[in-house]
Amino acid sequence: EDMVRAEASVKDIRRFIEEKQDLEAFAESVKFEVVAWEPAAAGKKDRARQYLERGRVFANEKRNYDKALSLFEQAETLAPEDYDVQFALAMTHWALGRNDEAIRRLEKARDAYPEEFRTYPAMARCLLSANRRSDALAALSKFDSLQPAGADRYHQAALYQAAQAHIDLGKVRRAAELLTAYIRLYPADAEGHYLLGKIFFNSGDKKQALAAFRRSLSLGPDDSWMCQDLGWHLASLKDPASAADAYRTSYTPGNRDVSVFVGLSYCYDRLGKFFDAKHVVIEGMKRFPDNSELEKNFRAIHRTIVKKGLRPAGPPTPIELTQS
């Protein structure tokens, strides 16, 4: 449960990523600090809160749901009736694919705290996973009657989940209404614009979809998988420059899915940046040596370079972003 904080210069990180520096040499240039963690010897409620906050770090920032679950369970032993603990357990079980247990936890939270609005959008999504459509609609109706009018950090997540649930139900008009309210209350959040863009995209409104996706990207999203999806949508909307930025934003925090390499190389090819495209494909093939899409892209890009008699003007653009 201890955590390590590390700092290194962008130059050293890039040299290591590009395999121009071995691990031992790189380690010597990194400043490490072990952040030991022990729950403070306070009352049960305070210690439960510490386990809860620690679990949220593993769930929300590291996507390590097994570790988060163990911390939330320790919090439950200290505060078994705490709403936040039960809600965190429910959402973690859902993330781990344990839908029935998630519903059971949310029902327990709802029965103990019926006026807590956060429960109902989360429950609706879990109920939809169990094909309980009418129960999900009832939960969303309850959320509508309880949600606050103004901005609130818990309301933000709940409103987003409600919009997603309505999309899953096929009620895209209501989802768009909720997302419009979401963007009005939380204009600097990238996810609201992203999800609204997907509604426009799926309805065939390419102009509004493109505007929403560009706005989402401009707000600096930090979700790697969302950025990867942004890249695909922006490329589909014939904006390879923005799509390339989205794929690079996805890659920088550590997303190495094959789709990032395939998509980014495609975007560079469309932009006429053939050596950047070739560099991306080669990096992808190191990780996925038998991927047919990467091999196809490599052959096409290499053929273009040879046919046009091109020569590189300098080193290729790094895949990762280096502004900070």
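For the structure, check the block above.
What you see is a predicted model, and the numbers here were worked out from it, not measured in a lab.

Here is what the cut-offs are and how they apply
- Residues numbered from 1 in each chain as written.
- Predicted model: local features only at pLDDT ≥ 70, side-chain atom pairs only at ≥ 80, totals over all residues.
- Heavy atoms only, no water.
- Phe/Tyr/Trp six-rings, centres within 6.5 Å; stacked < 30°, edge-to-face > 60°.
- Helix = DSSP H or I, 4+ residues; strand = E, 2+ residues; numbered from the N terminus.
- Buried < 20%, exposed > 50% of the residue type's maximum accessible area, 1.4 Å probe, protein only.
- Lys NZ or Arg CZ within 6 Å of the ring centre and 35° of its normal.
- Salt bridge = Lys/Arg side-chain N within 4 Å of Asp/Glu carboxyl O.
- Core = buried A, V, L, I, M, F, W, Y, C linked by side-chain atoms within 4.5 Å.
- Contact = heavy atoms within 4.5 Å.
- Axes fitted to C-alpha atoms, helices over the stretch in contact; angles between N-to-C directions.
- Parallel < 35°, antiparallel > 145°, perpendicular 65-115°, else oblique.
- Left-handed = near helix turned anticlockwise from the far one by under 90°.

1. A short note on the packing of aromatic side chains
Across all of its chains, the model carries 10 aromatic pairs by this definition. Taking the centre distance of 6.5 Å and the plane angle of 50° together, the rings of Phe-117 and Phe-143 count as tilted. Pair noted here: Phe-117 is in the loop between α6 (99-112) and α7 (119-129) and Phe-143 is in helix α8 (residues 133-146), with a separation of 26 residues, a long-range link. Phe-117 gets classed as buried once you look at its relative accessible area, which sits at 12%. Phe-143 sits in the buried class, given a relative accessible area of 1%. Geometrically, the ring pair formed by Tyr-160 and Tyr-182 is tilted, given 5.7 Å between the ring centres and 55° between the ring planes. Of this pair, Tyr-160 sits in helix α9 (residues 153-168) while Tyr-182 sits in helix α10 (residues 172-185), and the two are 22 residues apart along the sequence. Each of the two residues, Tyr-160 as well as Tyr-182, counts as buried. In this arrangement the basic side chain of Arg-118 is found over the ring face of Phe-87, its NZ or CZ atom lying 5.8 Å from the centre. Sitting over the ring of Tyr-251, Arg-256 keeps its end group 3.4 Å from the ring centre.

2. Things to note about the pattern of salt bridges
Summed over all chains, the structure comprises 18 salt bridges. In this structure, Asp-229 engages Lys-198 in a salt bridge whose closest nitrogen and oxygen atoms are separated by 3.4 Å. With Asp-229 in helix α13 (residues 224-236) and Lys-198 in helix α11 (residues 190-202), this pair connects stretches of sequence that are 31 residues apart. Each member of the salt-bridge network shares a partner with another, and the members are Arg-49, Asp-82, Asp-84, Glu-116 and Arg-118.

3. Details of unusual backbone geometry
Phi angles above zero are rare outside glycine, and Asn-131 is one such case at about 60°. The topology assignment puts Asn-131 in the loop between α7 and α8. Non-glycine residue Lys-238 carries a positive phi angle of around 65°. Along the chain, Lys-238 turns up in the loop between α13 and α14 (240-251).

4. Section: the nonpolar core
Grouped together as the largest cluster of nonpolar side chains are 71 residues, with contacts concentrated most on Leu-106, Phe-143, Phe-213, Leu-234 and Leu-264. Look past the residues within four positions of Leu-234 in its chain and what remains in contact with it is Leu-210, Phe-213, Arg-214, Leu-217, Asp-239, Ser-242, Ala-243 and Ala-246.

5. Some points on the side chain of Gln-161
Among the secondary structure elements, Gln-161 is positioned in helix α9. Those residues in contact with Gln-161 that sit more than four places away from it in its chain are Met-91, Trp-94, Pro-121, Ala-122 and Arg-125.

6. Description of the packing of helix α5 (residues 83-95) against α6
Following both chains from N to C, one finds α5 and α6 inclined at 165°, their axes separated by 7 Å at the closest point. Classified by the angle between their axes, α5 and α6 sit roughly antiparallel to one another. Remark: the crossing between α5 and α6 carries left-handed chirality. Between α5, through Tyr-83, Gln-86, Phe-87, Leu-89, Ala-90, Met-91, His-93 and Trp-94, and α6, the contact on the second element is made entirely by Asn-99, Glu-101, Ala-102, Arg-105, Leu-106, Lys-108 and Ala-109.

7. With respect to the packing of helix α15 (residues 258-270) against helix α16 (residues 274-287)
Two numbers describe how α15 lies on α16: the axes approach to 8 Å, and their chain directions differ by 165°. Overall, the two elements α15 and α16 adopt an arrangement that is roughly antiparallel. The crossing of α15 and α16 is left-handed. Here Phe-261, Leu-264, Ser-265, Tyr-268 and Asp-269 of α15 come into contact with α16, specifically with Phe-274, Asp-276, Ala-277, Val-280, Val-281, Glu-283, Gly-284 and Arg-287.

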